[in-house]
Amino acid sequence: MITAERKPMEELIECLRPYHRILLVGCNECVTVCSAGGRKEVGILSSALQMAFMKEGKTLDVKEITLERQCDPEYVEELVTHIDQAEAVMSMACGCGVQEIAGRFKSKPVFPALNTTFMGASERQGVWVERCQGCGECVLALTGGICPIARCAKQLLNGPCGGSTNGKCEVDPDIDCAWQLIWDRLKALGLEDRYEDNIAAKDWRTGRGGGPRKIIREDLVK
Amino acid sequence: MKTESVLEKVFASGELAVTSECGPPRGALAEKIIEKAKMLQGYVDAVNVTDNQTAMVRMSSFAACVFIKQLGMDPILQMVTRDRNRLAMQADILGAYAHGIDIMLCLSGDHPHFGDHPMAANVHDIDSVQFVQMVRDMRDKGRFQGGDEILNPPKMYIGAAANPFADPFELRVARLAKKIKAGTDFIQTQCIYNLDKFEKWMDGVRDRGLHEKVNIMAGITPMKTVGMARYMKKRVPGMDVPDELIKRMAGVPKEKQADEGIKISIEAIERLKEVEGVKGFHIMAIEWEQKVPEIVERAGLLPRPKEFS
């Protein structure tokens, strides 16, 4: 999933200071799963914003809506009936959702309520960890199913640096050394020999190196 | 011979090679680097020049190398993948070689987390193994990493680092093998304090015959104080300082600790000379360059061969 965290309240209040009526839009996908921008978080933020405004002797009229998916135009279209009543929109989706709304409603200011962080997985209750950087050319087949691009602080493709200590990364003892994990896994699979295959320099064009990316599926394009 | 470099010639002669290092200044101070390098003149075959070491901004390794070259000495251009993408790296390699710098050390570099710009973007376009491969292909194939032909390819003598003390230990010989496969000519190791562990690593290196494919230089760093020993043990990732050594340093009065540190280094060199496959010593006296001549002399590594440079 795409993970996100809510921005500090002060920053959100600052964005909304000039307005009296806003749409607060949640998303029922990734940000619901990571408890950052689903229906529940929309309700909590809505109350918090209204209270903050009241404290300053002002009012804020908040219309709460949580869309099935903010990154999909057909769901964003559901905002049409509400958009005119609002002076501004605050989106609780990832950056994709924020931009989808901004692209659809060109004359309406849209503010992000979240900082979109990474593509990751849920490690345990309340903890999410980065797992993928979307490099566009997956190397997991070579590295025992553990991604050194997303999980090594130096994105090394050919083994651990000299700072790997007791299975931990030199940057932070709370971070597992990706190459220790890869090595343990290759051993468990009986694939130790594979470690000595030198992995060639990566072609970053499939990642951000080639500029903004697009997928066109000719079989699906109408 | 692959290159015209002094280091390749020293190794070929069968003599133990000696290198040391200079950290460039944190300012536009030519005299600082010249002063440090002059302390080493005549005592080492070549001088490593660090590249934003510990991820702190310093005068560029390339510029400092040029100053050292102008003294008639042989600099080793250190370069890390942290700060430059492959275009910038290759551009600097061409420039350095055009200035007569023909030895380099290819590293990934300390993470910015440790330095004075923790907010900087990490480049890491390529890793240290791919870096070695790139410099080798520039030299032997005359091709840029992107595939185009190079006019007058740089003939760099290529070094890489090895840390026998980092984890997982069982992978450390294999990691060396990958760097050799990529084209490393020489290796400079992490500072060695745990000699037993280093020798165990060397056993693994010899078992695979890797000591015949690459010239391994043992890394030596004299400790100034017991405080430094403790700091290295606790705070420097991938450093293995045995407790006996800390006890030994702590067991002498403060004003004698520096001498004890030098003595420990000399004893280490004497012992490591006997290890088959050790072809030289890389003496990293951090901000203590003035002690290198004494260490080299007392360790019996003088005179340095003059005919190669």
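Everything below is about the structure printed above this text.
Here the structure is a predicted model, which is why all the values come from computation and not from measurement.

**Observations concerning the overall build of chain A**
Reasoning step 1: Within chain A, the secondary structure is distributed over eight helices and nine strands.
Reasoning step 2: Taking 17 Å as the expected radius of gyration for a compact globule of 222 residues, we find that chain A reaches 22 Å, considerably beyond that expectation.
Reasoning step 3: Taking the principal axes of the C-alpha coordinates as reference, chain A spans close to 65 × 45 × 25 Å.
Reasoning step 4: When the 222 residues of chain A are sorted by exposure, 42% land in the buried category.

**Overview of the overall build of chain B**
Reasoning step 1: Of regular secondary structure, chain B possesses 11 helices and eight strands.
Reasoning step 2: For 309 residues, the compact-globule estimate of 2.2 N^0.38 gives 19 Å, and the C-alpha radius of gyration of chain B, at 18 Å, lies within 12% of that figure.
Reasoning step 3: Based on the C-alpha atoms only, the size of chain B along its principal axes is roughly 60 × 45 × 45 Å.
Reasoning step 4: Considering chain B as a whole, with its 309 residues, one finds that 59% of them fall into the buried category.
Reasoning step 5: A total accessible area of about 12500 Å² is found for chain B, and carbon and sulfur atoms account for 51% of it.
Reasoning step 6: Of note, chain B has its 43 positive side-chain charges centred 3 Å away from the centre of its 43 negative side-chain charges.

**Here we look at the packing of aromatic side chains**
Reasoning step 1: Going through the model one piece at a time under the given rule, you end up with six aromatic pairs over all chains.
Reasoning step 2: Ring geometry for Trp-179 of chain A and Tyr-195 of chain A: centres 5.9 Å apart, planes at 75°, overall edge-to-face. Taken together, the positions of Trp-179 of chain A in helix H8 (residues 178-188) and Tyr-195 of chain A in the segment after H8 put the pair 16 residues apart, joining distant regions of the chain. Across this residue pair, the class does not change: Trp-179 of chain A and Tyr-195 of chain A are buried.
Reasoning step 3: Taking the centre distance of 6.0 Å and the plane angle of 75° together, the rings of Trp-183 of chain A and Tyr-195 of chain A count as edge-to-face. On the criterion of sequence distance, the pair formed by Trp-183 of chain A in helix H8 and Tyr-195 of chain A in the segment after H8 is long-range, its members being 12 residues apart. Note on accessibility: Trp-183 of chain A and Tyr-195 of chain A belong to one class, buried.
Reasoning step 4: Ring-pair connections join several aromatic residues into one group, and the members of that group are Trp-179, Trp-183 and Tyr-195 of chain A.
Reasoning step 5: Lying over the aromatic face of Trp-204 of chain A, Lys-202 of chain A brings its terminal NZ or CZ to 5.8 Å of the ring centre.
Reasoning step 6: One Lys or Arg, Lys-178 of chain B, reaches over the ring of Tyr-195 of chain A and ends 4.3 Å from the middle of that ring.

**Here we look at the layout of surface pockets**
All names here are of chain A.
Reasoning step 1: Considered as a void within the structure, the second largest pocket measures approximately 620 Å³ in volume.
Reasoning step 2: Taken together, 24 residues form the lining of the second largest pocket, with Glu-130, Ala-150, Arg-151, Cys-152 and Ile-175 sitting closest to its centre.
Reasoning step 3: Considering each element in turn, the lining of the second largest pocket owes the most residues, four residues, to strand S9 (residues 172-176).
Reasoning step 4: Looking at the lining of the second largest pocket residue by residue, the class counts come to 10 nonpolar, five polar and nine charged.

**Observations concerning empty space enclosed by the protein**
Reasoning step 1: Throughout the structure, instances matching the rule amount to three cavities of 30 Å³ or more.
Reasoning step 2: Counted as a void, the largest cavity has a volume near 120 Å³.
Reasoning step 3: Together, 17 residues line the largest cavity, and Cys-152, Ala-153, Cys-161, Cys-169 and Cys-177 of chain A are the ones closest to its centre.
Reasoning step 4: For the lining of the largest cavity, the secondary-structure elements that each account for two or more residues are strand S8 (168-169) and H8 of chain A.
Reasoning step 5: Along the lines of polarity and charge, the residues of the lining of the largest cavity split into nine nonpolar, three polar and five charged.
Reasoning step 6: By volume, the second largest cavity is sized at about 40 Å³.
Reasoning step 7: Together, Leu-142, Thr-143, Leu-157, Trp-179, Ile-182, Leu-186, Arg-194, Tyr-195, Asp-197 and Ile-199 of chain A together with Lys-178 of chain B line the second largest cavity.
Reasoning step 8: With three residues, H8 of chain A is the single largest residue contributor to the lining of the second largest cavity.

**Some thoughts on helix H3 (residues 39-55) of chain A**
Residues and elements named next belong to chain A.
Reasoning step 1: Relative to the 24 Å expected for 17 residues at 1.5 Å per residue, H3 spans 25 Å between its end C-alpha atoms, a close match to the ideal helical length.
Reasoning step 2: When H3 is considered as a whole, its buried residues turn out to be Glu-41, Val-42, Leu-45, Ser-46, Leu-49, Ala-52 and Phe-53. Buried residues of H3 fall within an arc of 135° about the axis and therefore sit on the same side. Seen from the open side of H3, the exposed residues pointing more than 90 degrees away from its buried face are Lys-40, Met-51, Met-54 and Lys-55.
Reasoning step 3: Residues of H3 that are buried in the fold lie against strand S1 (2-6), helix H1 (9-16), strand S2 (21-27), strand S3 (61-67) and strand S4 (88-91).
Reasoning step 4: Gly-57 sits one or two residues past H3 and shows a positive phi near 75°.

**Focus: the pattern of salt bridges**
Where side chains of opposite charge bring their charged atoms close, a pairing between them can arise.
Reasoning step 1: Taken as a whole, this structure holds 36 salt bridges over all chains when the rule is applied.
Reasoning step 2: One salt bridge connects Glu-29 of chain A with Arg-69 of chain A, and the closest N-O pair in it is separated by 3.1 Å. Taken together, the residues Glu-29 of chain A in the loop between S2 and helix H2 (30-33) and Arg-69 of chain A in the loop between S3 and helix H4 (73-76) connect sequence positions 40 residues apart.
Reasoning step 3: With relative accessibility at 29%, the residue Glu-29 of chain A sits in the partly exposed group.
Reasoning step 4: The partner of Asp-185 of chain B in a salt bridge is Arg-139 of chain B, with the nearest N and O atoms 2.8 Å apart.

**Things to note about the side chain of Ser-91 of chain A**
Residue and element names in this part refer to chain A.
Reasoning step 1: Mapped onto the secondary structure, Ser-91 falls in strand S4.
Reasoning step 2: A polar contact of 2.7 Å, which involves the side chain of Ser-91, links it to the side chain of Gln-70.
Reasoning step 3: In contact with Ser-91, not counting residues within four places along its chain, are Val-25, Gln-70, Gly-97, Val-98, Ile-101, Val-110, Phe-111, Pro-112, Ala-113 and Leu-114.

**Digging into the interface of chain B and chain A**
Reasoning step 1: Each partner contributes residues to the interface: chain B has 32 residues there, and chain A has 28 residues.
Reasoning step 2: Where chain B abuts chain A, roughly 2500 Å² becomes buried across the two surfaces, and 47% of that area is made up of carbon and sulfur atoms.
Reasoning step 3: Of all residues in chain B, Asp-167, Leu-171 and Lys-178 of chain B bury the most surface against chain A, accounting for 23% of the area lost on that side.
Reasoning step 4: There are two salt bridges connecting chain B and chain A.
Reasoning step 5: At the boundary of chain B and chain A, one finds 24 residue pairs in polar contact (both at pLDDT 80 or more).
Reasoning step 6: Looking at the side of chain B that touches chain A, the elements that each hand over two or more residues are helix H5 (128-140) and helix H6 (172-182) of chain B.
Reasoning step 7: By residue number, the principal contributor to the side of chain B that touches chain A is H6 of chain B, which donates seven residues.

Rules behind the numbers
Residues numbered from 1 in each chain as written. Chains lettered and ligands numbered in written order. Predicted model: local features only at pLDDT ≥ 70, side-chain atom pairs only at ≥ 80, totals over all residues. Heavy atoms only, no water. Helix = DSSP H or I, 4+ residues; strand = E, 2+ residues; numbered from the N terminus. Rg over C-alpha atoms; globule rule 2.2 N^0.38 Å. Buried < 20%, exposed > 50% of the residue type's maximum accessible area, 1.4 Å probe, protein only. Areas by Shrake-Rupley, 256 points an atom, 1.4 Å probe, with all protein chains shown as cover. Lys, Arg positive; Asp, Glu negative; His and termini not counted. Charge placed at Lys NZ, Arg CZ, Asp CG, Glu CD. Phe/Tyr/Trp six-rings, centres within 6.5 Å; stacked < 30°, edge-to-face > 60°. Lys NZ or Arg CZ within 6 Å of the ring centre and 35° of its normal. 1 Å grid on protein atoms, 1.4 Å probe; cavity = no way out; pocket = protein on both sides within 12 Å on 5 of 7 lines; lining within 4 Å. Points joined across faces, edges and corners; volume = space filled by probe spheres on them. Nonpolar A, V, L, I, M, F, W, Y, C, P; charged D, E, K, R; others polar. Expected span 1.5 Å × (residues − 1). Arc of directions from axis to C-beta. Contact = heavy atoms within 4.5 Å. Salt bridge = Lys/Arg side-chain N within 4 Å of Asp/Glu carboxyl O. Polar contact = N/O pair within 3.5 Å; in protein donor to acceptor, adjacent residues only side chain to side chain. Buried area = accessible area lost by both parts, 1.4 Å probe.

Shape descriptors only; they carry no functional weight alone.
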